[in-house]
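Read off the chains here:
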Amino acid sequence: MPLVVPGVTSNMGGGEKGQWLNKLAGKKISDSTSDVQTFAKKDLPESHRILRPGDAMTMDHRPDRLNVHLDEQDVVKDVNFG
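Residues numbered from 1 in each chain as written. Predicted model: local features only at pLDDT ≥ 70, side-chain atom pairs only at ≥ 80, totals over all residues. Heavy atoms only, no water.

Colleague: Quick question: what am I supposed to make of the nonpolar core here?
Modeller: Among soluble globular proteins, nonpolar side chains are generally buried collectively. In terms of nonpolar packing, the biggest core is built from 12 residues, these being Trp20, Leu24, Ile29, Phe39, Leu44, Ile50, Leu66, Val68, Leu70, Val76, Val79 and Phe81. Those elements that provide at least two residues to this core are α1 (16-24), β4 (66-70) and β5 (76-81). Excluding residues within four positions of it along the chain, Leu44 makes contact with Trp20, Leu24, Phe39, Ile50, Leu66 and Val68. (Core = buried A, V, L, I, M, F, W, Y, C linked by side-chain atoms within 4.5 Å. Buried < 20%, exposed > 50% of the residue type's maximum accessible area, 1.4 Å probe, protein only. Helix = DSSP H or I, 4+ residues; strand = E, 2+ residues; numbered from the N terminus. Contact = heavy atoms within 4.5 Å.)

And the structure:
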């Protein structure tokens, strides 16, 4: 059963998560350019963080923050909000 917090909505069911995952999955994050294999950081939402395997991260929940999860080769494998 999912955690329910009053006043906090989850984007995990699709919607924006699905849109961002479609845009980013399988791509590397670039500092400046977007193309078939990369996506520019400047085109991500203002509130975002990029997480590599083993990275430390704060546990504060921010529903508007896009978390971009990379694999060992720095390729986007998943996204979520929080």
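Colleague: Quick question: what am I supposed to make of the pattern of salt bridges here?
Modeller: Under the defined criterion, the tally for this structure stands at five salt bridges. Here Asp78 makes a salt bridge to Lys17, at a shortest N to O gap of 3.2 Å. Residue Asp78 is located in strand β5, and its partner Lys17 is located in helix α1; the two are separated by 61 residues in the primary sequence. A relative accessible area of 13% places Lys17 in the buried class. (Salt bridge = Lys/Arg side-chain N within 4 Å of Asp/Glu carboxyl O.)

Colleague: Can you walk me through the pairing of β4 in this structure?
Modeller: The side chains of a regular strand alternate, residue by residue, between the two faces of the sheet. By the criterion of burial, β4 is predominantly enclosed, with four of the five residues buried. Pairing between strand β3 (residues 48-51) and β4: four bridges, direction parallel. Directly across from Leu51, in β4, lies its bridge partner His69. Inspection of the sheet shows β4 paired to β5 by five bridges, in the antiparallel sense. Directly across from Leu66, in β5, lies its bridge partner Phe81. Count of turn residues in the β4/β5 antiparallel hairpin: five residues, of which Asp74 carries a positive phi of about 65°. (Pairing = 2+ DSSP bridges.)

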